[in-house]
Structure formats: C-alpha cells, structure tokens
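# Inside the fold
What follows is each chain in one-letter form.
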Amino acid sequence: MERRKFLAGAGAVAAGTVAAAAPGTPGQAVPGIRRVATGLDMLVDSGFAALAGQRVGVVSNPTGVDSAYRHLVDLMHESGTVQVVAAFGPEHGFRGSAQAGGSEGTGTDARTGITVYDAYGASQAKWESLLNQSGVDTVVFDIQDVGARFYTYIWTMYTSMVAAARVGKRYVVLDRPNPVGGRAYGPMMTPAYTSGVGLKEIVQQHGMTVGELARLFNAEFLPADAGRSVELEVIRCKHWKRDLLAADTDLPWVMPSPNMPTPDTALVYPGTCLFEGVASITEGRGTCRPFELIGGLAGDFDYHWGDRLNARGLPGVEFREAYFSPTSAGQKPALLNKLCAGVEIKVVDRAAYDPIRTVVAMLVEARKYPAFAWRFDSYDATRPYWVDKLTGSPRLRTMIDAGAEVDDVVGAWADELSAFERRRRPYLLY
C-alpha cells in the first residue's frame, strides 16, 4: 500500500507545497499542485507583443487554450491587436472533430471567419504553398504534445518549420509542459525507418517540450536547402520543472486527440502505442481507457498474461485482469466489437514507472501465446512491420521473436539513449 501514496502527487512537488501563482492562472493555489503558465498565458500577459505588426497563421487544435479554456485563435481574433489571417489544422483537425488518420478539410472557421487550411499529412511543397497562399508573415504553433515520437503533432511542427524557413516566414512556438515529464526513454529512430510517425532521429519518449524540440530541430535537422534554420522564437512556460507531470500542475487538460482522454493515457502511451504494431492485440481504442486496456480475443489470450506480468514485479505498475469489447479497431477489424481478454495497466508509482520497459515485458509475455502476430502491412514491401516504424528499427521485434529477455531488449538501446540525452542538452529550457 505504501507505493500508492505517489498517486496523490506524482513528481517533485511534495504534498503540502503551495507554488507561487503564475501569470494568466485564475483561482487559488492548491496544496501539492504547481501553478504553471504556458507560453500562451505569457503571450496574452504581454499583450501579444511578440506578434505586433505581423500577419499571423496559427497551427493549433483544441489544446491551444489558456487557463480558462479560451482558444488561442479566439483570443487573437477578439484582442483587436493581432491580425490572425489563417489557421492550419493537423491530424484530427483544427477544432478536433476528426478521428485518427483524419482531418477536417479546408474551410471557414464558424467562430472567427478565418480560413482553416487542411495541413494533415501535408508535404513540404504543400506547406510552402499554404504559407504563401495564406499571406502570413509569422507562423504560431500551439499544440499540446504528449511526449512520444510517434504522436504526429511534433512532425507537423517540423514540416511547417522547414516550409517557413524555405519561404522566409518567422516561426513562434508557444511552449507547453511535457505532460509525462522531462526524462527520456527508449530506442532511437534510424534513418531507414523514418515515416510520418517519426521523421528524425530522436528517441521514443523524448522528454522534451515542443519548444525544446523546435530548438533541436532548428539547429540539427532542418535541411540545407531550407537555409539550415528558421527565424525561431520560443515563448517559454513559467514555473514548470522537468520532474513535473501533468498531475502535478494546475493546467487544464484538453484531449489532444480522441483516444487521449486523460493525463493517465498520456503516461502509458509512449509504451502501449507499440501494440498498434501487433495484429492480434488491441490497444483499447473505442473503450473508456484507450492505451490502458490491452488485450486479444478471449480464448486466444487469458488471465495468465496479467498474472505473469505481476509476477515480474515491474517498477511502478500493476496489472488488472480485464475483459472488454473495443468499439474502434483501427487496422484490426477482426477485433472490432469482439470480447477481448487482457490487462488494464495501473500505474501505482509514477516516479518509478518506465512505460517502454513495461511494454517490452508485456510483449515478451504476449509473444508466448500461439495467437500472437505482428501487424504486417503488405503495402510497404521493404518495411512491412508497423512496429518497426514505431520503434525506429527491426531490433525490438527481432529480439523478442528470438526469445530475448526484457533486460536484453532494453539494454540494446542504452548507448543511443545516452547519446541523445547529450545531444538534446543544449536545447533544454527548463
């Protein structure tokens, strides 16, 4: 029972601590909760000074809100001081009405009357065309990331940064805390396995804010034909520390995507998203606990999976035997609305929990079931296994297939993780 005490306060803010009030944050301080101001809060408090005299285009979604849930574009539109002329919608759309792999299309925003351009999956050429067509001087990015390489918003930021560099537009990032903290975990993306779920060489759980990533991208990854860098400004958060998780702050949570309902989802997602790469197991889409409920067809999988995982004594986590029927199956129609047996992941000590090591153990044990099968995409003849794109190489899959144990799999990326931690250090802001 001692371990469960961590659920009340997940990071370095001890129970009873009352942090200093942050600009833009209403109400009273709450014991044990850090009051944090986002980049948007700081921009509003400055009277939008960083955007004075600029024609502004915004890359955002429903998460681009201040502490009172007011959206960035609405605040700009109502301010009378910012000339916001366009918005660009990423995956799920600017107002968030589309499901995974979808967008809202191009049209007029009902609230503000500005043109919203469909930018999901946009090529570099399309981004350049959109920025020129919209007539913007400055691109503003404000989206809540969840800290995983395969969450596509950071790659929307990257491709729009490259486009802005090529066509001579300024780029401003309104920073937000990483809801799963500042620690990095997991394997590195390799150039041969880059895709829309990982365009550049960063590790699986990068432990950086979007502002920090923008600084890294700008210095290390922008191509030579883009002029190597964009005119970048990051408006920092105030009072956020790297060891704080979402549960440690007073910031409002708005779903970044339809299957990311809570900060608890974000905490497990850098690991459990790997089950997208397993054809015989659902990651719980279409349930009340996506990415926390994991299972395969009842009869093919059973309660022994959870028992064996609990016997491993993995740090910070316990597993509840679970049965559920997913109402959304993604690329796995055979599991749609079928009774599935598996586990619910219960994080009991957020400070000790390693989401990627946990899922390596889950995969090692799941691989022992005869029904286990990796997702195989026939449309990609040279890289058919989706899990390879998620992890950055075939290494995890081939090691697990060969019977490797958890320590061996995790140890295989220790050197590249250390190298990434050194590489990112100059770009950290907090």
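Residues numbered from 1 in each chain as written. Predicted model: local features only at pLDDT ≥ 70, side-chain atom pairs only at ≥ 80, totals over all residues. Heavy atoms only, no water.

For the rest of this paragraph, the subject is the overall build of the chain. Helix and strand counts for the chain come out as 12 helices and 13 strands. Compactness check: the chain gives a C-alpha radius of gyration of 21 Å against a globular reference of 22 Å for 430 residues, within 12% of the reference. Oriented by its inertia axes, the alpha-carbon framework of the chain measures out at about 65 × 55 × 40 Å. Of all 430 residues assigned to the chain, the portion counted as buried reaches 57%. Considering only contacts within the chain whose residues lie at least 6 apart along the sequence, 72% involve residues at least 24 apart. (Helix = DSSP H or I, 4+ residues; strand = E, 2+ residues; numbered from the N terminus. Rg over C-alpha atoms; globule rule 2.2 N^0.38 Å. Buried < 20%, exposed > 50% of the residue type's maximum accessible area, 1.4 Å probe, protein only. Contact = heavy atoms within 4.5 Å.)

What follows covers the packing of aromatic side chains. Applying the stated rule across the entire model yields 16 aromatic pairs. Seen from their ring centres, Phe88 and Trp127 are 5.5 Å apart, and the 50 degrees between their planes marks the pair as tilted. Taken together, the positions of Phe88 in strand S2 (residues 83-89) and Trp127 in helix H3 (residues 124-134) put the pair 39 residues apart, joining distant regions of the chain. Accessibility assignment for this pair places Phe88 and Trp127 in one class, buried. (Phe/Tyr/Trp six-rings, centres within 6.5 Å; stacked < 30°, edge-to-face > 60°.)

By the assigned domains, the chain splits into domain 1 (39-255) and domain 2 (263-378 + 386-392). Using only C-alpha atoms to locate each centre, domain 1 and domain 2 end up separated by 29 Å. Counting from both sides, the interface comprises 24 residues of domain 1 and, opposite them, 20 residues of domain 2. Between domain 1 and domain 2, roughly 1,800 Å² of surface is buried when both sides are summed, and carbon and sulfur atoms account for 68% of that area. Interface area lost by domain 1 to domain 2 is led by Phe150, Tyr185 and Tyr193, which between them contribute 28%. At the surface where domain 1 touches domain 2, the tally comes to 0 salt bridges. Connecting domain 1 to domain 2 are 5 residue pairs in polar contact (both at pLDDT 80 or more). For the side of domain 1 that touches domain 2, the elements supplying multiple residues, two or more each, are strand S7 (185-188) and strand S8 (203-205). For the side of domain 1 that touches domain 2, the element with the highest residue contribution is S7, accounting for 4 residues. (Domains from an automatic or database assignment. Buried area = accessible area lost by both parts, 1.4 Å probe. Salt bridge = Lys/Arg side-chain N within 4 Å of Asp/Glu carboxyl O. Polar contact = N/O pair within 3.5 Å; in protein donor to acceptor, adjacent residues only side chain to side chain.)

Among the structural elements, Ile235 can be located in strand S9 (residues 232-235). Through-space distance from the C-alpha of Ile235 to that of Met42 is 7.3 Å; in sequence the pair is 193 residues apart. The residues touching Ile235, leaving out its near neighbours within four places in the chain, are Gly39, Met42, Leu43, Ala50, Val172, Val173, Leu174 and Asp175.

Time to look at a nonpolar patch on the surface. Taken together, the side chains of Tyr303, Tyr323 and Leu339 present a nonpolar region at the surface, about 320 Å² in accessible area. Structurally, Leu339 is set in the loop between strand S12 (317-324) and strand S13 (340-347). Here Leu339 falls in the partly exposed class, since its relative accessible area comes to 48%. (Patch = residues over 30% accessible without salt bridge, like charges linked within 9 Å, V, L, I, M, F, W, Y side chains within 5 Å. Areas by Shrake-Rupley, 256 points an atom, 1.4 Å probe, with all protein chains shown as cover.)

Read from one edge to the other, the open sheet built from 7 strands follows the order S3-S4-S2-S1-S5-S6-S9, with strand pairing classed as mixed. Sheet topology places strand S3 (107-108) and S9 at the edges, where each strand pairs with a single neighbour. Together, strand S1 (55-60), S2, strand S5 (138-142) and strand S6 (170-174) form the strand contacts of helix H2 (residues 72-79), whose direction differs from that of S1 by roughly 160 degrees. In this fold H3 packs onto S1, S2, strand S4 (115-118) and S5, with an angle of close to 155 degrees to the strand it touches most, S2. (Pairing = 2+ DSSP bridges. Axes fitted to C-alpha atoms, helices over the stretch in contact; angles between N-to-C directions.)

For the rest of this paragraph, the subject is the pairing of S6. Along S6, 5 of the 5 residues are buried, which leaves the element largely enclosed by surrounding structure. Pairing geometry for S5 and S6, over 4 bridges, is parallel. Each bridged residue has a counterpart across the sheet, and for Phe141 the counterpart in S6 is Val173. Handedness of the crossover is the feature at issue here: the chain leaves S5, passes through helix H4 (residues 153-167), returns alongside S6, and the resulting connection is right-handed. Both S6 and S9 contribute to a ladder of 4 bridges, which runs parallel. From the neighbouring strand, Val172 faces S9, where its bridge partner is Glu233. (Right-handed = clockwise from strand over helix to strand, strands pointing away.)

Right, let's talk about empty space enclosed by the protein for a bit. One pass over the structure, following the stated rule, counts 1 cavity of 30 Å³ or more. If you add up the space inside the largest cavity, you get close to 30 Å³. Looking at the largest cavity, the residues that line it are Pro187, Thr391, Ser393, Arg395, Leu396 and Trp413. (1 Å grid on protein atoms, 1.4 Å probe; cavity = no way out; pocket = protein on both sides within 12 Å on 5 of 7 lines; lining within 4 Å. Points joined across faces, edges and corners; volume = space filled by probe spheres on them.)

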